[in-house]
Amino acid sequence: MNKNGLIGIILGALLAFPASAAETLTISYIQPGSFTIDIVLEILKKAYGRAGIGLKFLPFPGKRLVMTADSGDTDGEAARSTRATKLYPNLRRLSTPIFTAEIVAFSKDVKGPIATFSDLKPYIVGYRRGATMQSKLSQGRQKVELEPIQQGFRMMELGRLDIIIHFRYSGIKVLKEEFPGTKIKLISGSLRSVPLYHYLHKSKKHLIPKLDGVLKEMQKRGELNRIAERFANIN
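Calculation criteria
- Residues numbered from 1 in each chain as written.
- Predicted model: local features only at pLDDT ≥ 70, side-chain atom pairs only at ≥ 80, totals over all residues.
- Heavy atoms only, no water.
- Phe/Tyr/Trp six-rings, centres within 6.5 Å; stacked < 30°, edge-to-face > 60°.
- Helix = DSSP H or I, 4+ residues; strand = E, 2+ residues; numbered from the N terminus.
- Buried < 20%, exposed > 50% of the residue type's maximum accessible area, 1.4 Å probe, protein only.
- Contact = heavy atoms within 4.5 Å.

The subject of this paragraph is the packing of aromatic side chains. Tallied over the entire structure, the rule returns 3 aromatic pairs. Look at Phe153 and Phe179: their rings are 5.8 Å apart centre to centre, the planes differ by 65 degrees, and that puts the pair in the edge-to-face class. Separated by 26 residues along the polypeptide, Phe153 in helix α6 (residues 149-157) and Phe179 in the loop between α7 (168-178) and β9 (185-186) bring together distant segments of the chain. An identical accessibility class is assigned to Phe153 and Phe179; each is buried. Here the aromatic residues Phe106, Phe153 and Phe179 are joined through ring pairs into a cluster of three or more.

As structure tokens, then:
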């Protein structure tokens, strides 16, 4: 084969596999994991695969999590609320929400009604460490950080915690799988709905249109909801 023919084959291969296909991103996520994070990671695996972008996940504890992405130590964070846009200037948010999480209240002894966060004032309230929104919105007379959330349910069984505010499906799944026969139950409707978005470090912003396009198509087809429903097989 002559030199020109070899160059032609190489150029053809480069065109067949766009530059982004050779790019692998490392995305940080909260550890220990949760039901919500499981859903998010599954969605991201599918979205990155369809976009032709390599993907690796790296776990971090709650308080270090977002700082690793904002500093560029990782290429982005799996999911966070819109507040991160204002708090972390080096992160760029995709426009399509990956998952909408509902914050609800669980208790063994409190009957309610718990309709708003202000209804939590008389109680000892627990929430997961690193859950910024729950921390700011909770108005209990005493607030307790939990890691993992199972710690809070064990404390509640012992009468040391009145209420836990946590994500609906995650809390129900933990109770069903790890606390069979418990008297702990859901005692509120949605106290707050939180759309979660994928974030990339600004150095990777050129990949946002491609990833966002894939997520929009998955949303349009109802695939994002189907993935969440499959993980939430709690009926």
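Here the narrative resumes.
Moving on: the environment of Gly54. The residue Gly54 is located in strand β2 (residues 54-60) in this model. By relative accessible area, Gly54 is classed as buried at 18%. For the pair Gly54 and Thr26, spaced 28 residues apart in the sequence, the C-alpha separation amounts to 8.6 Å. Excluding residues within four positions of it along the chain, Gly54 makes contact with Glu23, Thr24, Leu25 and Tyr48.

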